Amino acid sequence: MDSNNNIILECNRHRISEIEELSNDGFEKLKSSIEKSSRTTANPNFELYGELNQTFYEISLKLKELKLYSEHYYFVSIKDYILYIARQNSVDSTFGHCNFALELLDFFMELFKSNLKFYDSKIETCDEFKRLQKKFKERYWDYRCIFYSDIYHPSGDFTEEEMYELHKSLRDI
């Protein structure tokens, strides 16, 4: 671990709080969309998608600004999965999988808070941190497999070779 992370994080507590607030805001928007989808018709509604996209864009910028690259990597992947689910539900409210999207965002918040706790802590060892990171990586790969095998519906824009590479990357877990 780089000792500069502690300095960076100390100077940017406000930014970290903003990331947490934006993530909680995104979580609440997703939760409310689950409630709305059970009451709405199948008319397309891209308002939630647009709001989430903007919120996630702001989180991504703040993670980059703080140079939290590991967290940014996970967030970018997770946000793509969540936005795919939100977009599909905007087109067809019966698409579902909103609970999976909530679980993904909850996973990111758990990872983010755990990493911040480590960065702030002088007590935890690097071995503990590595063990925790390995656990997060395994969970991420499980989520990735679920997304691509059970949720994602290809648009037909991929070539056979691109699909082969995607499936190959899923096997390499």
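Everything that follows concerns the structure shown earlier in this document.
Not measured: the values here are computed from a predicted model.

The rules behind each value
Residue positions are given per chain, counting from 1 as you read along its sequence in written order. Thresholds applied to this predicted model are a pLDDT of at least 70 for local features of residues and 80 or more for the giving and counting of side-chain atom pairs; totals over whole chains, interfaces and linings are not thresholded and use all residues. The side-chain numbers reported here are obtained from all heavy atoms of the structure, hydrogens and water having been left aside. Helical segments are the DSSP runs of H or I of at least four residues, strand segments are the runs of E of at least two, and each set is numbered from the N terminus. Relative accessible area decides the class of each residue, using a 1.4 Å probe on protein chains only: under 20% of the type maximum gives buried, over 50% gives exposed, and in between gives partly exposed. By convention a nonpolar core is built from buried Ala, Val, Leu, Ile, Met, Phe, Trp, Tyr and Cys residues, the set being connected through side-chain atoms within 4.5 Å. Residues are treated as being in contact if the distance between any of their heavy atoms lies within 4.5 Å. Method remark: on a 1 Å grid restricted to protein atoms, a set of points is classed as a cavity if a 1.4 Å probe fits but cannot get out and as a pocket if it is open with protein on both sides within 12 Å along at least five of seven lines; lining residues have an atom within 4 Å of a point. Grid points are joined across faces, edges and corners, and a volume is the space filled by probe spheres set on the points. Each residue is assigned to one class: nonpolar for Ala, Val, Leu, Ile, Met, Phe, Trp, Tyr, Cys and Pro, charged for Asp, Glu, Lys and Arg, and polar for all the others, Gly among them. Salt bridges are defined by distance alone: a side-chain nitrogen of Lys or Arg within 4 Å of a carboxyl oxygen of Asp or Glu. Centre distance within 6.5 Å is the pairing criterion for rings of Phe, Tyr and Trp, where only the six-membered ring of Trp is used; planes under 30 degrees apart are then read as stacked, over 60 as edge-to-face, and the remainder as tilted.

Points about the environment of L68
Then, number 1: Relative to the helices and strands, L68 resides in the loop between α3 (47–65) and α4 (69–91).
Then, number 2: Judged by relative accessible area, L68 falls into the buried class, the value being 2%.
Then, number 3: C-alpha separation for the pair L68 and N115, spaced 47 residues apart in sequence, amounts to 9.6 Å.

Here we look at the nonpolar core
Then, number 1: Core analysis: the biggest nonpolar cluster contains 41 residues, and F56, L63, F107, F112 and F147 have the highest contact counts within it.
Then, number 2: Going through the elements one at a time, α2 (13–37), α3, α4, α5 (98–120) and α6 (126–151) are the ones with two or more residues in this core.
Then, number 3: Apart from residues lying up to four places away in sequence, L63 is in contact with I19, L68, E71, H72, F75, F108 and F112.

Digging into the layout of surface pockets
Over the atoms, a rolling probe the size of a water molecule traces out where space has been left empty.
Then, number 1: Here the second largest pocket defines a volume of roughly 160 Å³.
Then, number 2: Lining the second largest pocket we find 11 residues, and of these D80, Y81, Y84, F147 and Y152 sit closest to its centre.
Then, number 3: Elements represented by at least two residues in the lining of the second largest pocket include exactly α4 and α6.
Then, number 4: The greatest single-element share of the lining of the second largest pocket, amounting to five residues, is contributed by α4.
Then, number 5: Per-class residue counts for the lining of the second largest pocket are nine nonpolar, no polar and two charged.

Section: the pattern of salt bridges
Then, number 1: One pass over the structure, following the stated rule, counts two salt bridges.
Then, number 2: Close ionic contact of K79 with D80 constitutes a salt bridge, the shortest N to O distance being 3.1 Å.
Then, number 3: Among the residues examined, K79 registers a relative accessible area of 17% and is labelled buried.
Then, number 4: We note a salt bridge from E110 to R139, for which the minimum N-O separation is 3.1 Å. Linking E110 in helix α5 with R139 in helix α6, this pair joins segments that are 29 residues apart in sequence.

Notes on the packing of aromatic side chains
Then, number 1: On inspection of all chains with the given rule, the structure shows 20 aromatic pairs.
Then, number 2: Between Y84 and Y152, the ring centres sit 5.1 Å apart and the planes meet at 50 degrees, which makes this aromatic pair tilted. Residue Y84 is found in helix α4, and its partner Y152 is found in the loop between α6 and α7 (160–171); the two are separated by 68 residues along the sequence. No difference in accessibility class separates Y84 from Y152, as the two residues are buried.

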